[in-house]
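Architecture at a glance
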Amino acid sequence: MKLALIGFGQAGGKIVDEFLAFDEQIDGGFVEAAIAVNSATVDLQGLENVPQENRVLVGQARVKGHGVGADNELGAEVTEEDIDEIQGAVDKIPVHEIDAFLVVAGMGGGTGSGGAPVLAKHLNRIYTEPVYGLGVLPGTDEGGIYTLNAARSFQTFVREVDNLLVFDNDAWRSAGESVEGGYDRINKEIVERFGLLFAAGEVGHDDDVAESVVDSSEIINTLESGISTIGYARETVDSDDGLLSSFRGEETFDEGEATNRMTSLVRKATLGRMTLPCDVSSADRGLVVATGPAEHLNRKGVERGRQWLEDETASMEIRGGDYPMSDRDEVGAIVLLSGVTDIPRVDQLQQVAIEAQETTETVKANAQDEFASLVDTGGELDALF
Ligand code: GDP
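For the structure given in this document, a descriptive report is provided here. These numbers come from a predicted model, not from an experiment. (Residues numbered from 1 in each chain as written. Predicted model: local features only at pLDDT ≥ 70, side-chain atom pairs only at ≥ 80, totals over all residues. Heavy atoms only, no water.)

**With respect to the environment of Val335**
The test is simple: A run of H or I in DSSP counts as a helix once it spans at least four residues, and a run of E counts as a strand once it spans at least two, with each numbered from the N terminus. Whether two residues touch is decided by their heavy atoms; if any such pair falls within 4.5 Å, the residues are in contact.
Structurally, the position occupied by Val335 is in strand β10 (residues 330-338). With 179 residues separating them along the chain, Val335 and Thr156 place their C-alpha atoms 26 Å apart. Aside from chain neighbours lying at most four places away, what touches Val335 is Thr229, Ile230, Gly231, Val266, Ala269, Thr270, Met274, Leu287 and Leu309.

**Quick word on a nonpolar patch on the surface**
The cut-off we apply is this: A patch consists of residues exposed above 30% relative accessible area that lack any salt bridge, with like charges linked at up to 9 Å and nonpolar side chains (Val, Leu, Ile, Met, Phe, Trp, Tyr) linked at up to 5 Å. Here the open area of atoms and residues is found with the Shrake-Rupley method and a 1.4 Å probe, where only the protein chains shown may cover a residue. Counted as salt bridges are all cases of a side-chain nitrogen of Lys or Arg within 4 Å of a carboxyl oxygen of Asp or Glu. To sort residues, take the accessible area from a 1.4 Å probe on protein chains only and compare it with the maximum for the residue type: under 20% means buried, over 50% means exposed, and anything in between is partly exposed.
A contiguous nonpolar patch, built from Phe371, Leu374 and Val375 and spanning about 350 Å² of accessible area, is present on the exposed surface. Assignment of secondary structure puts Val375 in helix α14 (residues 344-375). A relative accessible area of 53% means that Val375 is categorised as exposed.

**Section: the site of the ligand**
Spelled out, the test is: One heavy atom within 4 Å of a molecule or strand is enough for the residue carrying it to be called near that molecule or strand. N or O atoms closer than or at 3.5 Å make up a polar contact, with two conditions inside protein: a donor-capable atom paired with an acceptor-capable one, and, for residues adjacent in sequence, both atoms drawn from side chains. Residues are grouped as follows: Ala, Val, Leu, Ile, Met, Phe, Trp, Tyr, Cys and Pro are nonpolar; Asp, Glu, Lys and Arg are charged; all remaining types, including Gly, are polar.
Residues in close proximity to the ligand total 19 residues, the closest being Gln10, Ala11, Gly112, Glu142 and Asn187. Gly110 places a polar main-chain atom, nitrogen or oxygen, 2.9 Å from an oxygen atom of the ligand. The separation between a nitrogen atom of the ligand and a polar side-chain atom of Asn187 is 2.7 Å. Coverage of the ligand by the protein amounts to 92% of the 570 Å² it exposes when considered alone. Those elements that provide at least two residues to the shell around the ligand are α1 (9-26), α6 (111-126) and α9 (179-200). Taken together, the residues of the shell around the ligand sort by class into 7 nonpolar, 10 polar and 2 charged.

**A closer look at the packing of aromatic side chains**
Basically, it comes down to this: Only centres within 6.5 Å qualify two rings of Phe, Tyr or Trp (six-membered ring in Trp) as a pair; their planes then separate them into stacked at under 30 degrees, edge-to-face at over 60, and tilted for everything else.
In the structure shown here, the tally under the stated rule is 3 aromatic pairs. Ring centres 5.1 Å apart and planes at 45° place the aromatic pair Phe101 and Tyr127 in the tilted group. Highlighted residues: Phe101 in strand β4 (residues 100-106) and Tyr127 in the loop between α6 and β5 (131-137), separated in sequence by 26 residues. Among the residues examined, Tyr127 registers a relative accessible area of 16% and is labelled buried. Ring geometry for Phe167 against Trp172: centres 5.4 Å apart, planes inclined by 35°, an arrangement best described as tilted.

**Describing the environment of Asp162**
Tracing the chain through its elements places Asp162 in the loop between α7 (144-160) and β6 (163-168). Judged by its relative accessible area of 28%, Asp162 falls in the partly exposed class. Counting along the chain gives 64 residues from Asp162 to Gly226, while the straight-line C-alpha distance between them is 7.2 Å. Leaving out residues up to four positions away in the same chain, Asp162 has contacts with Asn124, Pro130, Val131, Tyr132, Leu223, Glu224, Ser225 and Gly226.

Here it is as structure tokens:
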């Protein structure tokens, strides 16, 4: 399916930059346009792939291009004030050619955390195309303010988008990795999962696997509402297998092996690490996408995987299809779960955020009292005026 990507804040911009690289690498064709919005000039300058003319600086009058820090209320305010600047960039997109908007942001910071929900609300009011969010949750070690920001942004973002796709940094960090190196690796994991899903809906229907290819409307229907998470598993296959055996005049395709492989990949994708870990049985809808060389995909494999997921989720709305990719040497399964509700990480995030909010209020009140008693001399000193 064709997307207009809008990266908000530093994380959002970097992830959109990475989406552009991935789209080109797999020749996916799912990015119709890419915009980056930020209140910090340096972050916009650091991007590599988003076209210069699509980089929008907001809040210049207030923060002079230095960013809003971790103040997401300010992030929301400057976005509202400068929404016309962003709209100016969106006006250049041929919106009739896109299937949806995808607004991407890290939810723990200031600009993306505050601005992304404001933009989603604005887009939803103006356009009939669905507006999806891709929200990145902070690591638990980032501290109370990031957790509080993320919990408040999450609450608002999920209300303003048609579907919120979530990636939890906390579930994906590795010990002993630098923060920057870690983000580079994590961003690649993010764009591979979400990129393959969106690219799957972009394959034409004019080849020999036509009927089993995933359609963009199937993705849109799965993303109808709520919160989504993605699982992904893959396995290397010998890409010469088919060619060699057809040269020898043998059977080119081992139906049973392909079916078993796909069924086990769907299980691994679902039961392994998802972008947002959750209780699978709480999903309302699902979509299974088989990726890889067409000669290694078969419809029975997807169908078995789909049925297994139906049993796991007790949902009647599990769709399935292929995304054939000729020059890949691996077969993979993407499992999109949508409308998930049992998410321990979100409960924990909210709990820690409520505590952080209470602590912040107490500290503020104490500081005010202490300051008052510092300057109060009991009337023994007169101020100048
Ligand atoms: P903003 O520029 O004010 O919107 O804030 P940032 O985007 O710099 O940071 C917001 C949050 O996003 C941080 O708390 C991190 O959890 C996360 N983050 C920052 N950079 C990256 C990145 O490159 N990749 C990922 N996955 N997360 C990031």
